[in-house]
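# Notes for the structure review
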Amino acid sequence: MTTHKTGTREQWVAGRLQLLQAEKELTRRSDEVARQRQELPWVRIDKTYRFETDEGSASLPDLFRGRSQLLVYHYMFGPDYTAGCATCSTIADGFNGFVVHLANHDVTLMAVSRAPLAKLQAYKRRMGWTFPWASAVGGEFNFDFSASFTEQQQREGIEYNYQREAAWQRRNNEGFPTRMTGDPVGDNAVMTGTDVATYTRERPGMSAFALEGGVVYHTYSTYARGLDALWGMYPWLDRAPKGRNETGVWWRRHDEYKG
Amino acid sequence: MWLAARLELLKPEKELTRRSDELARQRQELPWVSFGSDFNGDFNVWFSEQQQREGGIEYNYRREAPAPSHGTETREPDIPSRTTPDGATLFASMSGTDQATYTRERPGMSAFTLEDGVVYHTYSAYARGLDGLWGMYQWLDRAPKGRNETGVWFRRRDEYTA
C-alpha cells in the first residue's frame with residue numbers, strides 16, 4: 001500500500017483544476033518575460049571573432065549561415081577536457097532534435113566551445129549529433145560572453161551569471177543549473193577527465209545574436225539556472241510523480257548507460 | 001545600458017523559475033488515482049464522432065461546444081502554442097485527414113506511477129500545458145525575434161527542402 005495520498009477521480013480533478021489556474025498564470029508570466037527579453041536593447045558588436053567550423057574558418061556573421069538570428073549554447077568543452085561535459089551532453093541531446101526546425105524559422109542554433117575543432121568533431125560523432133559546433137580556440141569569444149575564464153580570473157574571483165564570485169575555492173554547485181546536493185561539479189570534472197579547477201574555468205550559458213544590415217548585435221545571455229527551461233528533461237521530470245528526485249548527478253552520457 | 005536592463009530582467013526570470021519550482025512541488029501533492037481501461041478515452045486525448053457532434057468533448061478540463069456541422073468552418077485546435085488561424089486546416093491536411101477527424105485526437109501528456117503492482121494516474125496536461133515540454137519554444141523565447149510566428153512554420157523534419 002502506497003504512503004502517498006490517494007484519492008478518487010473527483011478529488012483528483014478538484015485538485016487538478018486548482019493547479020491549472022496556477023499553471024496558466026505561470027505560462028502567461030513566461031510569455032510576458034519572453035516579451036520583456038525582446039525589449040532589451042541590442043548591443044552592436046564591432047570586435048572580430050574567428051571560429052573553426054566544419055566548413056573552415058568563420059567569422060561571427062558567418063555563424064548565422066544566412067539567417068538573421070543566432071543562438072549559441074556555450075557548451076563546456078575546454079581544451080584540456082578529454083570529453084565534452086556530460087551534463088551539457090544531456091542538454092545537447094535535446095536540442096539536437098529540433099535544430100532542423102529552428103533552421104527553418106530564421107534561427108541558427110549551434111554550440112560553441114574552446115576545445116580544438118578535431119576534439120569537437122570526434123565527440124560529436126561519438127554522440128551521433130548533427131547540430132553545428134564551432135571551436136572558439138585561441139579567441140576571446142567565450143571569455144567576452146562569460147562562458148570561459150582564465151586561471152588568473154579564477155584565482156581573483158570571476159563574474160558569472162551577472163554576479164561576482166569570491167576567489168576560487170572548491171565548491172559543490174558552481175554555476176550548476178539545478179539545485180542539487182552531492183558533488184555534481186566534482187562528478188562532472190571526473191567525467192571530463194579534468195580536475196575541478198580546470199572543469200569550472202568553463203561555465204554553461206546561452207547567448208543570442210541578431211544580424212541586420214551586415215552588423216551583428218548581442219541581444220541576450222543567460223547562465224546557471226537561467227538554462228533550466230532549456231534543459232529538456234527537467235520540464236518532463238517536473239511533471240513526473242516523484243519530480244526531479246535527485247540527490248546527485250544521476251545521468252551519464254547516453255552511450256554510457258549499461259544495456 | 002544593456003547590462004542594467006538585463007539585471008532588471010534577471011529578477012522576473014528568477015521569480016519565474018522559483019514559481020515553476022513551486023508548481024512542480026504542488027503537482028506532486030495531487031492525490032494518486034487508480035484508473036480504468038479505455039486508455040486514450042480515459043485521458044481525454046481521443047474522442048468519438050458522437051462526442052464531437054454533440055459537444056461531449058471535455059479537453060484540457062473544459063467542456064467544448066459541439067463541432068460545426070459543416071466541415072468548412074475553421075476553428076483553432078488546442079495546440080500548445082498560440083500560433084495561427086490556419087492551424088486546424090493545415091495540420092489536418094498534413095496528417096492526410098479532414099479537420100473533424102484530426103481534432104478527434106488531441107495532444108496531451110499523462111504521468112503514472114507503479115507501486116506494489118498497482119498503477120496510479122498522477123498528472124495530465126493538455127494544450128498550452130505542453131508548452132514547456134515543446135523544447136524548441138523555450139529556445140525561441142530567448143531569440144531576438146521571439147516565437148515570430150504568423151502561421152505554422154514547421155514541418156516534419158524530412159519535409160524541409162534543403
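Right above here is the structure, for reference.
All residue numbers refer to positions counted from 1 along the written sequence of the respective chain. All chains are assigned letters beginning at A, and all ligands numbers beginning at 1, according to the order in which they are written. It should be noted that, the model being predicted, local features are given only for residues of pLDDT at least 70 and side-chain atom pairs only at 80 or more, the latter also being counted only at that level, while totals for whole chains, interfaces and linings use all residues.

Turning our eyes to something else, we now look at the pairing of strand 10 (residues 215-223) of chain A. All names here are of chain A. Of all the 9 residues making up strand 10, 7 are buried; the element is thus mostly covered by neighbouring parts of the structure. A pair of strands is considered paired only if DSSP assigns at least 2 bridges between the two. The way it works is that DSSP assigns letters per residue, a run of H or I at least four long becomes a helix, a run of E at least two long becomes a strand, and they are numbered from the N terminus. Across 8 bridges, strand 9 (residues 205-212) lies against strand 10 in antiparallel orientation. Within the sheet, the bridge partner assigned to Gly-205 lies in strand 10 and is Tyr-223. Hairpin remark: strand 9 followed by strand 10, antiparallel, with 2 residues in the connecting loop; positive phi at Gly-213, about 55°. Exposure classification rests on a simple neighbour count of other C-beta atoms within 10 Å of a residue's own: a residue reaching 20 or more is buried, one at 12 or fewer is exposed, and one in between is partly exposed. C-beta atoms are placed from the backbone.

Between chain B and chain A, the residue contacts involve 52 residues of the former and 61 residues of the latter. When residues of the side of chain B that touches chain A are traced back to their parent elements, those giving at least two are helix 1 (2-29), strand 3 (108-115), strand 4 (118-126) and helix 6 (135-140) of chain B. Ranked by the residues each element gives to the side of chain B that touches chain A, the list is headed by helix 1 of chain B, at 17 residues. Amino acids outside the nonpolar list (Ala, Val, Leu, Ile, Met, Phe, Trp, Tyr, Cys, Pro) and the charged list (Asp, Glu, Lys, Arg) are all regarded as polar, and Gly is one of them. Residues of the side of chain B that touches chain A, tallied by class, amount to 29 nonpolar, 11 polar and 12 charged. Placing C-beta atoms from the backbone, we regard two residues as in contact once those atoms come within 7 Å.

Among the nonpolar cores identified, the biggest contains 55 residues, and Leu-71, Phe-95, Leu-109, Met-110 and Val-112 of chain A together with Trp-139 of chain B are the most heavily contacted of them. When residues in this core are grouped by element, the largest group, 7 residues, is from helix 3 (residues 86-103) of chain A. The contacts of Trp-139 of chain B, once residues within four sequence positions are left out, are Leu-71, Phe-95, Leu-102, Leu-109 and Leu-230 of chain A. Note on terminology: a nonpolar core is any set of buried Ala, Val, Leu, Ile, Met, Phe, Trp, Tyr and Cys residues joined through C-beta atoms within 7 Å. Among the nonpolar cores identified, the runner-up in size contains 7 residues, and Tyr-123, Ala-125, Tyr-126 and Leu-130 of chain B belong to it.

To estimate how far a helix should extend, the number of its residues minus one is multiplied by 1.5 Å. For helix 3 of chain A, built from 18 residues, the straight-helix expectation of 26 Å at 1.5 Å per residue is met to within 8% by its first-to-last C-alpha distance of 25 Å. Considering bend angle alone, the principal kink of helix 3 of chain A is centred on Gly-97 of chain A and spans about 45°. Regarding helix 3 of chain A, the residues found buried are Thr-87, Cys-88, Ser-89, Ile-91, Ala-92, Phe-95, Phe-98, Val-99, His-101 and Leu-102 of chain A. At its buried positions, helix 3 of chain A is contacted by strand 4 (69-74), strand 5 (107-113), helix 4 (117-127) and helix 7 (184-191) of chain A together with helix 6 of chain B. Throughout, bend refers to the angle between the axes fitted to the seven residues that end at a position and the seven residues that start at it.

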